Amino acid sequence: MKKITYAKAISEAIDEEMERDRNVILMGEDVGIKGGNFGQAVGLYKKYGEWRVKDTPISENSFVGLCLGAALTGLRPIVEIMYSDFLMLALDQIGNQAAKIRYMSGGQAKVPLTICTTIGMGRSTAAQHSQSLQALVCHIPGLKVVMPSSAAEAKGLLKTAIRDDNPVIFFEHRIEFNKTYEVPEGEYVIPFGVARILKKGKDITIVGTSNLALKALQAAEELTKEGINAEIIDPRTLVPLDRGTIIESVKKTGRLLIVDEGYERCGVAGEIAMSVLEDVFYHLNAPIERLTTANVPIPFSPALEFPLIPDEKKIYQRAKKMVRG
Amino acid sequence: MKNIKDYNLSKSQISEMYQGMLKIRYFENKVVELYSSGKMPGIAHLYIGEEAVAVGVCTNLTESDFATSTHRGHGHLIAQGADLKKMMAEVLGKETGYCKGKGGSMHIADFSKGILGANGIVGAGIPIATGSGYSAKIRGTDQVTVAFFGDAASNQGTFYESINMAAAWKLPVIYVCENNLYGISVDIRKVTNTKDIATRALAYDIPGIIVDGNDVLEVYRVTKEAVERARNKMGPTLIECKTYRWKGHHLGDPGIIYRSEEERKEWKERCPIKSFRERLLKENIFTRNEVVLFENKAKEMIEEALEFAINSSFPEKEEAYEDIFMN
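Residues numbered from 1 in each chain as written. Chains lettered and ligands numbered in written order. Predicted model: local features only at pLDDT ≥ 70, side-chain atom pairs only at ≥ 80, totals over all residues.

Engineer: Which residues make up the overall build of chain B, and what values go with them?
Structural biologist: In terms of regular secondary structure, chain B is built from eleven helices and eight strands. A compact globule built from 327 residues should have a C-alpha radius of gyration of about 20 Å, and chain B, at 19 Å, falls within 12% of that. Principal axes of the C-alpha set define a box for chain B whose edges measure 55 × 50 × 40 Å. For chain B, buried positions account for 52% of its 327 residues. (Helix = DSSP H or I, 4+ residues; strand = E, 2+ residues; numbered from the N terminus. Rg over C-alpha atoms; globule rule 2.2 N^0.38 Å. Buried ≥ 20, exposed ≤ 12 C-beta atoms within 10 Å, placed from the backbone.)

Structure (structure tokens):
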């Protein structure tokens, strides 16, 4: 194991894939000289030059479309959308074009396109730079959706995304970029559709997306002190979703709490709950619950923002209540 | 007006151009029949009257070049040599169609001929074509890409954003605006201040060419220059083809209330096929018998395509779940 930042883990994944395949390119706002807005592409511009690491104008819809056109004709582009809030600017090219062209053409098109973007509150960046819009793209058939929980996970999953022949939306968590993590030495990839069990337990299953899987793990340590043994699952990919691992876990624990930083309404947590419900209903000892962000725009002031963030303390409290009543 | 021989086209190229336009016209006349008799599901957007644009442009392309098409896309496909049988089958939603019945008239694509999809979203093919150009540049090939789009698409953000990038990066893309004057019912002259769309090329410091879109030879000529520029790494060109759709926006729209009878009549008199035929005969390129032979051959091909499509089966309902992801 080595100790590197989350940002470095991502740049290593891109670097290794660019070295491995000359058709891999990186494009987006500030990915060049600056090395990415969050330092996730540092050194790549210098190593691969201005054509394979391309700074773009502020034209999200068209540079995503450009990368789609490049993907259809032999390249394997990684396109960077600085904030998931900005996905909205590119939704036509993502949702109507990249997601649909293979299907509409009867399977003629191959779309090896990775769209990296960021989510997460906690930096006082207000309503247009803080959202976690994973549900938005999960809704559209034809897109794979990845939510890594840590640096090591991000590296292995991003390499898989780049090698995938389908459009993949890869959600990085903004709070994580500068944090240091243990990451395996050498090359490795992590397959899509296989959830990771971070901790075994028998009293309650907690599914956490993105870095909330790690916060759930922290909560689980506190719960142990209360004599509650929680099982923690990181789904890794929302599309495809490893329902089987969640179902097996809930059958054993009888309780399910889902934690996701997206808005509650029509969100990922509700979707995961419903997609496993019919298989676990008769095994439940308590109603399924979810811990998400309230249905309000993200406010600026820390006094308003922090109380909204699903964190380890809230996970602990909610899980304890579900088990103890 | 120049003579046909001034364009340095071979006799077989000229006959291909004439037959290309005929195939488009007859194919679409057949689509009208199918729609009117209730045999065709959904709708289609007809290219009748605009045939010279697709044929004039695509005569300059090889099968290794690329193009993005539009909702009004039959002409681009046929001009690029697509299989009429698979096209007709797709229009009827059959399993033998280009898209196995999942795309229909609006989304016929033939990736083997470089057609990177036909788009239901106005202006959405423009960035895709730009990316295909970027790809050719990175891969170091001399492939060029044509983005076909209409006048209305020139008011989408994708038009500005994409041409801006293509110009900045000297991408081998030819932006072909088929200005048929109307976006459904909205007259371009009522929503745009400039008389021409090609003048917007000034904003990107690239050539902007205006051409009579009903003159197949002139469309061929200006596109040839643009393709040469692109292949020689001199960057993109914007070509505006002035043309007119004879029919409504789509089947079922008579196209009458927003266009005067006089205007419609005037443009029909400038039929791109009729005028080319007259020139072929007048300049003794082909005899009357030869021209009639081309016409009969094209008609026959459409009948064969129709027979193939009608005799094909509809897809099994399980097919709806296929081709979402590549394994």
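Engineer: Just give me the short version of the environment of Ser301 of chain A, but keep the residues and values in it.
Structural biologist: Residues and elements named next belong to chain A. Within the secondary structure, Ser301 sits in the loop between strand E14 (289–293) and helix H11 (302–305). Accessibility expressed as a C-beta count within 10 Å gives 9 for Ser301, which makes it exposed. Sequence-wise, Ser301 and Arg123 are 178 residues apart; in three dimensions their C-alpha atoms are separated by 9.6 Å.

Engineer: Describe the interface of chain B and chain A, naming the residues involved and giving the relevant values.
Structural biologist: The interface is formed by 33 residues belonging to chain B together with 34 residues belonging to chain A. The greatest single-element share of the side of chain B that touches chain A, amounting to ten residues, is contributed by helix H5 (residues 125–139) of chain B. Here the side of chain B that touches chain A is built from residues that sort into 17 nonpolar, eleven polar and five charged. (Contact = placed C-beta atoms within 7 Å. Nonpolar A, V, L, I, M, F, W, Y, C, P; charged D, E, K, R; others polar.)

Engineer: Could you give an account of the sheet that holds strand E2 (residues 115–118) of chain B, naming the residues involved and the relevant values?
Structural biologist: Residue and element names in this part refer to chain B. Spatially, E2-E1-E3-E4-E8-E7 is the arrangement adopted by the six strands of the open sheet, whose pairing is parallel. This sheet does not close on itself; its edge strands, each paired only once, are E2 and strand E7 (208–212). The sheet shows a mean angle of 15° between the axes of neighbouring strands, direction not considered. Bridge analysis of strand E4 (residues 173–179) against strand E8 (residues 237–242) gives six bridges, and the strand direction is parallel. Residue Ile174 lies in a different strand from E8, and its bridge partner there is Thr237. (Pairing = 2+ DSSP bridges. Axes fitted to C-alpha atoms, helices over the stretch in contact; angles between N-to-C directions.)

Engineer: So what's going on with the domain arrangement of chain A? Which residues, and what values?
Structural biologist: Residue and element names in this part refer to chain A. The assigned domain composition of chain A is domain 1 (2–183) and domain 2 (196–324). Distance between the C-alpha centres of domain 1 and domain 2: 26 Å. Tallying the contact residues gives 27 residues for domain 1 and 25 residues for domain 2. Put simply, the parts of the chain that give the side of domain 1 that touches domain 2 at least two residues each are helix H6 (134–138), strand E6 (144–146), helix H7 (151–163) and strand E7 (168–173). Tallied by class, the residues present in the side of domain 1 that touches domain 2 amount to 14 nonpolar, ten polar and three charged. (Domains from an automatic or database assignment.)

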